[in-house]
Each structure stands twice: as C-alpha cells, then as structure tokens.
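Now for the letters of each chain:
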Amino acid sequence: MHRVVGTLQKMRSGIHQCTHFAAAPYSWFRTHSGTRSGSRSFFDLARNFKNLEMEKNKLSRDFIDQELLNAELKYYKSKSHKYRKLQDWFKKKLEKVCNQYISNSYSPVIQMKDFEYFEEGGCIYRRRQNGDQIPEVVLSLDQLQFLQTTEAQFQHIRVSPNQKYLASSIRTSSDESTCVVVKLVPKPEVVHVLPRTFSFEWGTDNSLFYTNLEKLHSHQALKLLLEGATTTSEVVYKENDPRFFVELASTKDGRFITINSNSKNSSEVWLFDRMYAQVNPRIVQERVPGVIYHVEHWRNQLYILTNCGATEEYRLMKTPISSPGMKSWQTVYAVKEGTKLIDMELFMDHCIMILKYSDHLYLHVFSLDEPKTVKCIQLPSWACVIESEDNLKYETNKFSFRLSSPVQPPVSFLYSIEGDELYIQEDGSETTNTMDYKVTCLKAPSMDGTLIPITVFHKTTLNKMNKKPLLAHVYGAYGIDLNVNFKPEQMVLLEDGWILAYCHVRGGGELGLSWHKASRLDKKQVGVYDLEACLHHLHSMGYSNPRRTALTANSAGGVLAGSLCNVSPDSIRAVVLRAPFLDVLNTMLDPSLPLTIEEQEEWGDPLSDQNLFKCIQAYCPYQNIKPQKYPSIFITAYQDDQRVPLSGLLRYTRKLRDAVAVNAYNTTDELPNIILDIRPGGDHFGQSNWKESIHEVARHYAFLYEELEL
C-alpha cells in the first residue's frame, strides 16, 4: 500500500478488507450522528434479538461448532469429487501460466551514506554503494530458530540514523509479525526480538519506537532503549478509545516520527522530533469527528493531507511547526470533486499528487515554492493501477512507480521532475500485448439514477458475446477501490473466452470520498442496488446472460454478493466467495468480538440506533435467507481467520442449504450446490503458500466451469 494514502486508508481498513491471489492487498468516515433512541420497545427488540443469539451461542457454541464443522467436512468430501478432474487440470494450467510471471517481483534498496541494504532470497544484505564487494549477510531467516513456519518473510527494514542497528519485521501470518533488532557493528548480531510488532521507526541510534498488535488492536506506542547490554521499553503514548488504532510513520525527510491514532472517522497525530530526542512528542491537532489527516514535513512547515475543508474531498494544507493546529492550516492544493486521490509523494522541492479521474490516471506535479502552477501528466491509457515504489531518497526529484491492469503485469516507470519526462524502466518484467484485449468502460444507471462505472475486459477477437461466460467482481466498502491489479490466474479465464467485469459500486472509493459516503451506515443497501444495476446493464449490452454469469467477492464484498443472492438470484448462476462477511447484524450486535466497536463507523451500531438496526436487518445476507431459488455458491473459509470467524460461516451455510432444500421440495427449481471449503491454517488473507493458493484457485475455477456447464 502506498506510504501516505496507505496510512490514511489503514485507519479505515476494516476487518473485512479484501485480498486476492496474485497480490496482497482499507475504510472510514464520519461517525453516525443519528439520535440514540430512548424507546424501550426498540432496545428490548435489539437486546432480545442479541440475547437469543448470544445465549444460544454461549451455551452450546463449542459443541454446535464442532458438530457443524464435522458435518461440513463430511459434506464437502462427498461433493468435491465431482470437481476433482477439472481441478487437477486447472492446477497444471495455472502453474504454467503463473510461472511466467513469478519473477516479476520488486525489492527496494535502502541507501544510507556509504552503504545500501536490500532483501533477497530470505536474507537481508548490505554492501558499499558503487562497490564490487560481495554483499554481506546482515540477517537470514534460517538463523532465526523461533520461527515456526517455513512461510515467514521479511516485511519492512529500518536502519538507525548512523547505521548502528537494523530492525526488520518478519511476517509469520497476515496479522502477526516479529521485529528483529540487529547490531551492525563490529559485525551483525541479533540483540533483541519484539513479538507481535505492527510498526516501528528509529528515533535515535539507541531508541526504537514501535507498536504492537494484540487481537487486531494497536492502542499504544512504546520506545525500546538499547543501552549497552541492557534493553528497556517504556510507553510513550496510550490510546484509551477502542475505536482508534495507533501506528507509527516517519516523515520522508526523516525529521519527525509521527504517532498516528486513527479511527475510521477521525485522526490525531503526535510528533517526535529527532533533532530533540529528549523532548516529549507534541500534538498537531486534537481529533475532530469527521476529520482525517496525515502529516509530512518540508522546510519547517508541516504539510497536512486532510479531508478538512469546504468540499468532501482531500486537500493538501500547510502550517508552521510552531503553530500546528487546524486554525493555522492554509490550503496548498485541493482535489476536485469526483476525483480519486490515490497517493501523494513529497520530494526535495516538489510534490506529486497521483489521481484518477474519468477512468484515467494522472500525475499532478507542482513546486512547493509555487504550488499554484500545476503540471498535469496523463499516464498510459491502458493503466488501471499505479503503485509507488519506495522513493526513499528525499533529495531526488525522480519518481519511480509501477503501472498494471488485469491484462498487463506491472511495468516500472520513472518520471523526471526536472526534465518533465516519463521513462519505462527495463527490469525484465513479463509483458502482454494489450492490443490482444479490449477494455470497455460502461456506466450503469442505478435505482436513483446515479451512473455506476463498470470496467470490462475480454479478448479482442471474442464474438457471440451474449453466450460467453462472465465473471463479475464487486467489493464496495470502507472507501477502498475494487482490486483491479494484475492477477496471472485470470489470464487463464481471458484466454478461454471469459469476460471480466469490475463493478465499481458505491461504498468503495473509486470516485473519491463522496462515493464511499453514499453507501455506508444507513445507506449500505445502495451498494446492493448498484450491483444489481451493473449486472442488468451488462446483460442488456450483450455481455453474457444470467445462466453464464458468475459473481466473485472477498471479505466485506460478501455483504453485497450475499444480499444480491437474496434479492435477485436470477441475475447469476454461480458465486465464489472468499472469507466473506455474511452476518452483519449478529456481528455488530456483539461488542465482545475483536473489531465490532471499530466497525461501527462503517456499518453502524444497531444496539443504540433503531434505524440502523432495521437497515442492517433489511440487507444482512444471513438474516434474509428464505426458501427460494438461489445460485450455486462456493465459499472458502480459513480456520485461523480472526476477522470472519468460521462459526458464522458454518451457520450461514446450514441455513442456506436448509432454505434451498425447502424450495426444491415445494417447486420444480433445481437444487443448487452450496459448498463450504474449510481450509486448515490460513487466515483472512488466504493461503500464504504459493502452491496452496494455486490449488485454491483451481477449486474455484473447477466449480465455475461445472456450474456454468462450460
């Protein structure tokens, strides 16, 4: 995720954020201002509803879950054999295709005075810049005996100001990483290990600031003091509001460490000045409901990226260090309404805003001395995704980034600010001929007349489109864009004549902050209307037909996909869901769950607001299952998923299977296949093992081909 906007989005990133097979992967905004009803009838309704569910779960949860789990494993075994032959074929096909792109990886190089540091093949190396010496191994995964998994990998590397120490986080699961501190002189030696570390930054050569992740929460910042043979830790910031998440960052010029405490609704940033190491952190601006901000620094001015201002979109503001509060903020640059701010990069004397508008990517470049003169650079029209590479050298005026699309693997680019030139960087990346694929941007009119963007991909030579299989993608939550990164596995579908459609429904962030706001809290059902409109528009435009249409969604995207199955089951023939969020009401009624309180700013608090209770109840996939026709559904769940517990998916599957059985008994409708594939290990982000990921996709594809009768 990008460094600046990534920080803003992490605060919004919820529990049910999306992920995907080819790349790894966030939302927020204003607290609900509805009244707290004093109506006894409503509170009785909400509490009784909650108590019935909770009491039943608490009394027999372990027994029921184990009973359901055993039954589900047995059921899956009885059904999976029909897909086995296709699955084996897809495994081979996917491995062949994915191997073409497996070398297309990127590892940043950290340059520090005479040395540079980089990671390769499970080792962190250092070498002299512009030297011919063999790189020295600083840290190897193989030497760390505490690692219990062969899937561990380095995440982030931080080197202390004078290269006395190096700290690196090692990912052991998607939710947990361990920070290892290495003393670099006279020779590399591991001197300290910090478990469950989420973020970390060096204050001085002997002090490391860090945060921990405990049950998906981070509520304090600590400082590790490395003095001689002893190490001590002390708390430097503590957050008392459970809705907030604490994370550390560094301004790009290295002057300040920022302690960022963020909810999905508001921010509070504290600054630690590395020039005055003994001075306590100072606050920039106390949190204000609805105001998100992130802080950078340039020439004794704080540059603040925030949604505070006359419009609902982001703007860049500045203020003197001596007067950091909101009253002193002055606008430098404002994002236009309907424009998506993707990221911001600050260089020695320029700023680059990365934007998306009308289906195109742009760079807006301006001097920090004269910000009113803005250069606009339109990036290649085929690009759907831009990822900033680690532009670690603040002093340079060159911006490195990668562009990709569902049909184009990442291509490295370099933009020279001084020369105003854009270059392709040759890095040996695999490329495709984009002329072989057609990209079409559609607008589907939703129920209220709002036009919903759809991006469609297929082979240029494809004909008889109305008979071709269609795979629609949806997410629509947290203000996060639907993932349109390159995924090599989807090339298999495209080459076999599939149409891929990405439905950019409201609730996501494709058209800026207002797009997210239009489908959150009591407006969540708008996203369901948008998805239904997208599918109807695709079919009316001649793209496939309902019997050849499948829908796929991950995580919070399961809310819209599951709701569509309840209200418009004839729109699709098959659904593939990965770690889906399907029982919104029971989750939001249970504040004892790890992330329920944090999520109230996205979904609402049904315990305190009668309107929100009714709204959630009206669209919640689990609550609205009924005896009727349903598409076939394949759900992949992971036993170690803390965000979407397996117990809820077991209950959803049982209830849905009972409903379709009743419907089949009373009508002539065929009985759909409702399959829950429970994967041992794994977590909310899926399998970390590459081969297991390929096998998972093979199971999904085998299911789709069987159900769509291809």
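What you see as residue numbers is a count from 1 along each chain, following the sequence as written. Totals for whole chains, interfaces and linings use every residue, but because this is a predicted model, local features are given only for residues with pLDDT of at least 70 and side-chain atom pairs only at 80 or more, for both listing and counting. Each side-chain value is worked out from all heavy atoms of the structure, with water and hydrogens disregarded.

### Remarks on the overall build of the protein
Working step 1: In DSSP terms, a helix is any run of H or I states spanning at least four residues, a strand is any run of E spanning at least two, and both are numbered starting from the N terminus. Across its full length, the protein carries 12 helices and 36 strands.
Working step 2: The 710 residues of the protein split such that 58% are buried.
Working step 3: Surface accessibility of the protein: about 30100 Å² in total, with carbon and sulfur atoms responsible for 49%. Categorising residues by exposure relies on relative accessible area from a 1.4 Å probe, with only protein chains included: less than 20% of the type maximum marks a residue as buried, more than 50% marks it as exposed, and the intermediate range marks it as partly exposed. Here, Shrake-Rupley sampling with a 1.4 Å probe gives the accessible areas, and only protein chains in the shown set may cover a residue.

### Thoughts on the nonpolar core
Working step 1: Judged by nonpolar contacts, the single largest core of 104 residues is most densely connected at L531, L551, V584, W603, I633 and L704.
Working step 2: The dominant element in this core, judged by the number of residues it contributes, is helix α12 (residues 690–707), at eight residues.
Working step 3: Only buried residues count toward a nonpolar core. Its members are Ala, Val, Leu, Ile, Met, Phe, Trp, Tyr and Cys residues joined through side-chain atoms within 4.5 Å. Residues L147, A152, F154 and I157 belong to the second largest nonpolar core, which totals 19 residues.

### Observations concerning the packing of aromatic side chains
Any pair of aromatic rings gets described here by the distance separating the centres and the angle formed by the planes.
Working step 1: Between the rings of Phe, Tyr and Trp (Trp by its six-membered ring), a pair exists once the centres lie within 6.5 Å; its type follows the angle of the planes, with under 30 degrees stacked, over 60 edge-to-face, and the other angles tilted. Enumeration according to the criterion identifies 20 aromatic pairs in this entry.
Working step 2: The interplanar angle of 75° and the centroid separation of 5.6 Å between the aromatic rings of F90 and Y701 together place this pair among those described as edge-to-face. Here F90 is found in helix α3 (residues 84–99), whereas its partner Y701 is found in helix α12, with 611 residues between them in sequence.
Working step 3: By way of ring pairs, the aromatic residues W89, F90, W498, Y701 and Y705 are connected into one cluster.
Working step 4: Only when the NZ of Lys or the CZ of Arg is both within 6 Å of the ring centre and within 35 degrees of the ring normal is a charge said to sit over the ring. The ring of F115 has R126 sitting right over it, with the charged end atom 5.2 Å from the ring centre.
Working step 5: One residue, R657, lies across the ring of Y75, its end atom 3.8 Å from the ring centre.

### Describing the pattern of salt bridges
Working step 1: Salt bridge, as used here, is a side-chain nitrogen of Lys or Arg placed within 4 Å of a carboxyl oxygen of Asp or Glu. If you walk through the whole model with that rule in mind, you get 28 salt bridges.
Working step 2: Here R243 makes a salt bridge to E601, at a shortest N to O gap of 3.1 Å. Highlighted residues: R243 in the loop between β12 (230–238) and β13 (245–250) and E601 in helix α9 (residues 596–603), separated in sequence by 358 residues.
Working step 3: Using a relative accessible area of 27% as the deciding quantity, one classes R243 as partly exposed.
Working step 4: The exposure class assigned to E601 is buried, which follows from its relative accessible area of 2%.
Working step 5: Beyond isolated ion pairs, a larger network of salt bridges with shared partners links E239, E268 and R287.

### Points about a nonpolar patch on the surface
Working step 1: Two distance rules govern patches: like charges are joined within 9 Å, and nonpolar side chains (Val, Leu, Ile, Met, Phe, Trp, Tyr) within 5 Å, applied only to residues with over 30% relative accessible area and no salt bridge. The grouping of F146, V190 and V193 at the surface amounts to a nonpolar patch, some 190 Å² of accessible area in total.
Working step 2: Looking at the secondary structure, you find V193 in strand β8 (residues 189–194).
Working step 3: On the basis of relative accessibility, which here comes to 33%, the residue V193 falls in the partly exposed class.

### Digging into the sheet that holds β13
Working step 1: For two strands to pair, DSSP has to find at least two bridges joining them. Strand order in the open sheet formed by four strands is β13-β14-β15-β16, and the pairing between neighbours is antiparallel. Each having just a single partner strand, β13 and β16 (282–285) make up the two edges of the open sheet. On average, adjacent strands in this sheet sit at an angle of 25° to one another, irrespective of strand direction.
Working step 2: As defined by bridge partners, strand β15 (residues 267–273) adjoins β16 across three bridges and the pair is classed as antiparallel. Residue pairing across strands places V269 opposite Q285, the latter belonging to β16. Angles shown run from 0 to 180 degrees and are taken between the N-to-C directions of axes, each axis being a line fitted to C-alpha atoms and, for helices, limited to the stretch in contact.

### Topic: the packing of α3 against helix α4 (residues 488–495)
Working step 1: The N-to-C vectors of α3 and α4 enclose an angle of 115°; their axes lie 8 Å apart at closest approach. Regarding the angle of α3 to α4, the classification is roughly perpendicular. Seen from above, α3 lies across α4 with right-handed handedness. Mapping the contact onto sequence places F90, K93, L94, V97 and C98 in α3 and P488, E489, M491 and V492 in α4. Note on terminology: angles under 35 degrees are roughly parallel, angles over 145 are roughly antiparallel, angles of 65 to 115 are roughly perpendicular, and the others are oblique. Left-handed describes a crossing whose near helix is turned anticlockwise from the far helix through less than a right angle; right-handed describes the clockwise counterpart. We call two residues in contact when some of their heavy atoms are within 4.5 Å.

### Examining the environment of H537
Working step 1: Position of H537 relative to the elements: it lies in helix α6 (residues 525–540).
Working step 2: On the basis of relative accessibility, which here comes to 15%, the residue H537 falls in the buried class.
Working step 3: In the structure, H537 is positioned 95 residues away from L442 in sequence and 8.7 Å away in space, judged by C-alpha atoms.
Working step 4: H537 has contacts with L442, K443, A444, P445 and I454, leaving out every residue within four places of it along the chain.
Working step 5: Any pair of N or O atoms that falls within 3.5 Å is considered a polar contact. Within protein, one atom must be able to donate a hydrogen and the other to accept it, and sequence-neighbouring residues count only if both atoms are side-chain atoms. Only 3.3 Å separates the side chain of H537 from the backbone oxygen of K443, close enough to count as a polar contact.

### Quick notes on the pairing of strand β3 (residues 123–128)
Working step 1: Sheet analysis places strand β2 (residues 115–120) next to β3, joined by six bridges and oriented antiparallel. Looking at the pairing, Y117 lines up with R126 of β3.
Working step 2: A loop of two residues connects β2 with β3, the two strands running antiparallel in sequence, and G121 in this loop sits at a positive phi of about 60°.
Working step 3: Across four bridges, β3 lies against strand β4 (residues 136–140) in antiparallel orientation.

### With respect to the sheet that holds strand β11 (residues 220–227)
As a general point, the strands of a sheet are linked pairwise by backbone hydrogen bonds and lie either parallel or antiparallel.
Working step 1: With respect to topology, four strands assemble into an open sheet ordered β9-β10-β11-β12, the strand pairing being antiparallel. The open sheet has two edge strands, β9 (197–204) and β12, and neither has a second partner. Across the sheet, the mean angle separating the axes of adjacent strands is 25° when strand polarity is ignored.
Working step 2: In terms of strand pairing, β9 meets strand β10 (residues 207–212) through six bridges, oriented antiparallel. Note on β10: the bridge partner recorded for E201 is F209.

### Some points on α3
Working step 1: One less than the residue count of a helix, multiplied by 1.5 Å, gives the span that helix is expected to have. With 16 residues, α3 should reach 22 Å at 1.5 Å per residue; the first-to-last C-alpha distance of 22 Å fits that figure.
Working step 2: Q87, F90, L94, V97 and C98 are the residues of α3 that are buried. Burial along α3 is one-sided: seen end-on, the buried residues are contained in an arc of 90°. Structural note: α3 exposes K85, K92 and K96 on the side pointing more than 90 degrees away from its buried face.
Working step 3: Of the surrounding secondary structure, the elements contacted by the buried residues of α3 are α4 and α12. This arc is taken over the directions from the axis of the helix to the C-beta atoms.

### Some words on the confidence of the model for the protein
Working step 1: You can read pLDDT as the predictor saying how much it trusts each residue, on a scale of 0 to 100. Put simply, the protein has an average pLDDT of 84, and 87% of its residues get 70 or more.
Working step 2: This model gives residues 1–63 a pLDDT under 50, and the stretch forms 195 contacts once residues within four places in sequence are excluded.

### Description of unusual backbone geometry
Working step 1: Cis geometry is adopted by the peptide bond preceding P186, which originates at V185 and carries an omega value of 0°.
Working step 2: The phi torsion at Q163 lies on the positive side, around 60°, for a residue other than glycine.
Working step 3: Secondary-structure assignment places Q163 in the loop between β5 (153–159) and β6 (165–173).
Working step 4: Its identity is not glycine, yet S544 carries a phi of approximately 60°, on the positive side.
Working step 5: Within the element layout of this structure, S544 appears in the loop between α6 and β33 (549–554).

### Quick word on α4
Working step 1: Among the eight residues that make up α4, seven are buried, leaving the element largely enclosed by the rest of the structure.
Working step 2: Of the positions making up α4, those classed as buried are P488, E489, Q490, M491, V492, L493 and L494.
Working step 3: Buried residues along α4 sit against α3, β29 (437–445), β30 (451–459), β31 (470–473), β32 (499–503) and α12.
Working step 4: The positive-phi residue at the C-terminal boundary of α4 is G497, with phi of around 90°.

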